[in-house]
Amino acid sequence: MTTKKIYILGIESSCDDTSASVICDGIVLSNIIANQEIHAKYGGVVPELASRAHQQHIVPVVHQAIKQAGITKEDLHAISFTKGPGLMGSLLVGTSFAKSLALGLDIPLIDVNHMQAHILAHFIEEKDTDFPPFPFVCLTISGGHTQIVKVSDHFTFEVLGETIDDAVGEAFDKSAKILGLPYPGGPLVDKYAQQGDPKKFSFTKPKVGDLDFSFSGLKTGILYFIQKKLKENPAFIEENLFDICASIQHTIVEILMEKLKNTVTQTGIKHIAIAGGVSANSEIRKRLQLAQKHWGWTTYIPKFEYTTDNAAMIAITGYLKYKVEKYADISVKAVARLKVSE
Ligand code: KG4
Ligand code: ZN
C-alpha cells in the first residue's frame, strides 16, 4: 500500500522578501524568493514600499513555486502563511492571499509564527542531515530578534534570554551604516571580515545579566571610535575597512558564543542550533563547528538558503502542523507583534 503524498504551500511576506515554497512530505520541491532591491537606496526597509512590492510579487512568486514543484494548485493539501511577527502592511498581503487561495481550493489554512518557522527550518528533510533531538536550544538571530529559545517539541518554545535593546542583525546593519556600507550591511561586514584581522581593534562588550543581550552600547562605541579615528585620519575607514569589519564581527560573535556557553552550563543541554538571517554569518558557523569538536556540543547549522527569510521554513512548519491538524480559522488575523511562544 502506498501512502498519499502531502503537498503544502508556504507563503512568507513578513518583511521585505516575498517568498513561496512547496514541500512534499518534508522535502522542499521549490523555494522562490523575490527580494526588494528598492529599500537599499533608503538605508532600511520602507514599510509602505514593502507592502506595495509584495502585492506585485505574490501572484508570480506563488505561481512559480507551484510550477517548479511540478504540481498544480489542485494537488495542494493545505496553505500555510506567516501570521507574524512582522510589518503589518507586508503581513496583510500574504495573509489575505493565503486565505483566498485556501477558500478557493477548499483546503485547510495554517497560520505560522515566523520566529518558530526560523527554528523549525531544522526539520526540513535533507540527505545526510539529522534533526535536532528534543529538548534543544536555538540561538535565534535575525534583523528583528536575538533570543535563546529552549525547544521541547515542535510546538513548545520557551525564551531563556533575549536582547534588551537592538537585535544582533541591527548591530551588524547599523555598524555597516556607520562605515558607509549599503543596507543590509550584515553580509558585507561578513564578506570584508574574511580578509581582515579580527584582533586589530577592540570594542567594549556590554555587561548584561545572565542569558540576555544588549547591542545598542556596542553600536555607540563603534560610532565614537570611528568618529575619533576619522578626525585623526579622514581615510581611516578606507584604509582599514577589512580589519574594522573583522573586529566588529569578532566582538559580536564572541558575545553570542559566551551566552551560548552560559546556556549550556545552566541547562545542561548540549544540542545547540542557530536560526535566522544572522546564522548565515561565516564566523558564527565556524565557531559552532569548533564548539562541536572541542566542547562536545552537537550543533545544528541551517543550510544557507534557510537562514534568511524564506517560505520553505513556513511550509515545513505548515507540514508539521498539518500532521496534527493544527489548522487556522478563516477569521485568523495578521499580528505584527507575536512572541515565539505564541
Ligand atoms: O531573518 P532575516 O532574513 O530577517 C528578519 O526576520 O529580520 O534576517 C536579516 C538580518 C539582517 O540584519 C542581515 O544583515 C543579517 O540578517 N544577515 C547577516 C548575514 N546575512 C544576513 N548578518 C551577518 N552576517 C551575514 N552573513
Ligand atoms: Zn526572519
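Residues numbered from 1 in each chain as written. Chains lettered and ligands numbered in written order. Predicted model: local features only at pLDDT ≥ 70, side-chain atom pairs only at ≥ 80, totals over all residues. Heavy atoms only, no water.

Colleague: Teacher, can you tell me more about the overall build of the protein here?
Modeller: Scanning the protein from terminus to terminus reveals nine helices and 10 strands. The globule rule puts the C-alpha radius of gyration for 342 residues at 20 Å, and the 20 Å found for the protein is close to it. Taken along its principal axes, the extent of the C-alpha atoms in the protein is 70 × 45 × 30 Å. Counting across all 342 residues of the protein, residues that qualify as buried make up 52%. (Helix = DSSP H or I, 4+ residues; strand = E, 2+ residues; numbered from the N terminus. Rg over C-alpha atoms; globule rule 2.2 N^0.38 Å. Buried < 20%, exposed > 50% of the residue type's maximum accessible area, 1.4 Å probe, protein only.)

Colleague: What's the story with the environment of Ile27 in this structure? I'm lost.
Modeller: Structurally, Ile27 is set in strand 3 (residues 27-34). Exposure remark for Ile27: the relative accessible area of 43% places this residue in the partly exposed category. Sequence separation of Ile27 and Gly10 is 17 residues, and the distance between their C-alpha atoms is 13 Å. Discounting residues that sit within four places of it in the chain, Ile27 has contacts with Val22 and Glu125. (Contact = heavy atoms within 4.5 Å.)

Colleague: Looking at this model, I keep getting lost on the site of ligand 1. Mind explaining?
Modeller: If you check the shell around ligand 1, you find 18 residues, and the closest are Gly143, Asp173, Asp190, Gly277 and Asp309. Within the backbone of Gly144, one N or O atom sits 3.4 Å away from an oxygen atom of ligand 1. One of the backbone nitrogen or oxygen atoms of Gly186 is found 3.3 Å away from an oxygen atom of ligand 1. In this structure the site holding ligand 1 corresponds to the largest pocket. Elements represented by at least two residues in the shell around ligand 1 include exactly helix 3 (114-120), helix 4 (168-178) and helix 5 (186-193). Partitioning the shell around ligand 1 into residue classes produces five nonpolar, 10 polar and three charged. Residue assignment places the shell around ligand 1 across two domains, with domain 1 (7-122 + 307-323) and domain 2 (131-302) each supplying three or more. (Near = heavy atom within 4 Å. Polar contact = N/O pair within 3.5 Å; in protein donor to acceptor, adjacent residues only side chain to side chain. 1 Å grid on protein atoms, 1.4 Å probe; cavity = no way out; pocket = protein on both sides within 12 Å on 5 of 7 lines; lining within 4 Å. Sits in = over half its atoms within 2 Å of the grid points. Nonpolar A, V, L, I, M, F, W, Y, C, P; charged D, E, K, R; others polar. Domains from an automatic or database assignment.)

Colleague: Would you explain the pairing of strand 9 (residues 271-275) in this entry?
Modeller: It is a general feature of regular strands that their side chains alternate between the two faces of the sheet. Across the five residues of strand 9, four count as buried, placing the element largely inside the fold. With four bridges connecting them, strand 6 (residues 136-141) and strand 9 associate as parallel partners. Pairing of Thr140 across the sheet is with Ala275, part of strand 9. Here strand 9 pairs with strand 10 (residues 298-300) via three bridges, running parallel. The residue of strand 10 that forms the bridge with Ala273 is Tyr300. In this fold, strand 9 hands off to helix 8 (residues 282-295), which returns the chain to strand 10; that crossover is right-handed. (Pairing = 2+ DSSP bridges. Right-handed = clockwise from strand over helix to strand, strands pointing away.)

Colleague: Would you explain the domain arrangement of the protein in this entry?
Modeller: For an interface, size is often stated in terms of accessible area lost upon the parts coming together. Split by domain assignment, the protein resolves into domain 1 (7-122 + 307-323) and domain 2 (131-302). The partner domain 2 presents 25 residues to the 15 residues of domain 1 that form the contact. Between domain 1 and domain 2, roughly 1,600 Å² of surface is buried when both sides are summed, and carbon and sulfur atoms account for 77% of that area. Counting the surface domain 1 buries against domain 2, the share from its top three residues, Ile119, His122 and Thr307, is 43%. Counting the contacts that link domain 1 with domain 2 gives zero salt bridges. (Buried area = accessible area lost by both parts, 1.4 Å probe. Salt bridge = Lys/Arg side-chain N within 4 Å of Asp/Glu carboxyl O.)

Colleague: What am I meant to see in the coordination of the zinc ion (ligand 2) here?
Modeller: Under perfect tetrahedral coordination by four donors, a metal shows angles of 109.5 degrees; under perfect octahedral coordination by six donors, it shows angles of 90 or 180 degrees. At 2.0 to 2.2 Å from the zinc ion (ligand 2) lie its protein donor atoms, namely His114 (NE2), His118 (NE2) and Asp309 (OD). If you list the donors of the zinc ion (ligand 2) from N- to C-terminus, the spacing comes out as H-x3-H-x190-D. Within this pair, His114 and its partner His118 are both found in helix 3, separated by four residues, close to a single helical turn. With respect to class, His114 is no different from His118; both count as buried. (Donors = N, O, S within 2.8 Å, 3.2 Å for Na, K, Ca; no water.)

Colleague: I would appreciate a short explanation of the layout of surface pockets in the present structure.
Modeller: A water-sized probe rolled over the atoms picks out the places where empty space is left. Estimated volume of the largest pocket: approximately 1,500 Å³. Taken together, 46 residues make up the lining of the largest pocket; nearest its centre are Asp16, Gly143, Asp173, Tyr183 and Pro184. Looking at the lining of the largest pocket, the elements with two or more residues in it are helix 3, helix 4 and helix 5. Element by element, the count of residues in the lining of the largest pocket is highest for helix 4, at seven residues. Residues that form the lining of the largest pocket fall into these classes: 18 nonpolar, 19 polar and nine charged. Residue-level mapping places the lining of the largest pocket at the junction of two domains, with at least three residues from each of domain 1 (7-122 + 307-323) and domain 2 (131-302). Its volume calculated, the second largest pocket comes out at about 300 Å³. In this structure, the second largest pocket is lined by Pro85, Gly144, His145, Gln147, Val159, Glu162, Ala336, Arg337, Leu338, Lys339, Val340 and Ser341. Tallied by class, the residues present in the lining of the second largest pocket amount to five nonpolar, four polar and three charged. (Points joined across faces, edges and corners; volume = space filled by probe spheres on them.)

Colleague: Honestly, the sheet that holds strand 1 (residues 7-12) in this entry has me stumped. Any pointers?
Modeller: Strand pairing within a sheet occurs via backbone hydrogen bonds; the two strands may be parallel or antiparallel. One open sheet holds the five strands; their spatial order is 3-2-1-4-5, and the pairing between them is mixed. The sheet is open, and its two borders are formed by strand 3 and strand 5 (109-113), each paired with just one other strand. Across the sheet, the axes of successive neighbouring strands diverge by a mean angle of 20°, strand direction being ignored. When strand 2 (residues 18-24) meets strand 3, the two strands line up antiparallel, connected through seven bridges. Bridge pairing in strand 3 links Thr18 to Ala34. Where helix 1 (residues 47-68) meets the sheet, its contacts fall on strand 1, strand 2 and strand 3, and the angle it forms with strand 2 comes to roughly 20°. Packing of helix 2 (residues 88-105) onto the sheet brings it into contact with strand 1, strand 4 (78-84) and strand 5, and relative to strand 4 it is tilted by some 160°. (Axes fitted to C-alpha atoms, helices over the stretch in contact; angles between N-to-C directions.)

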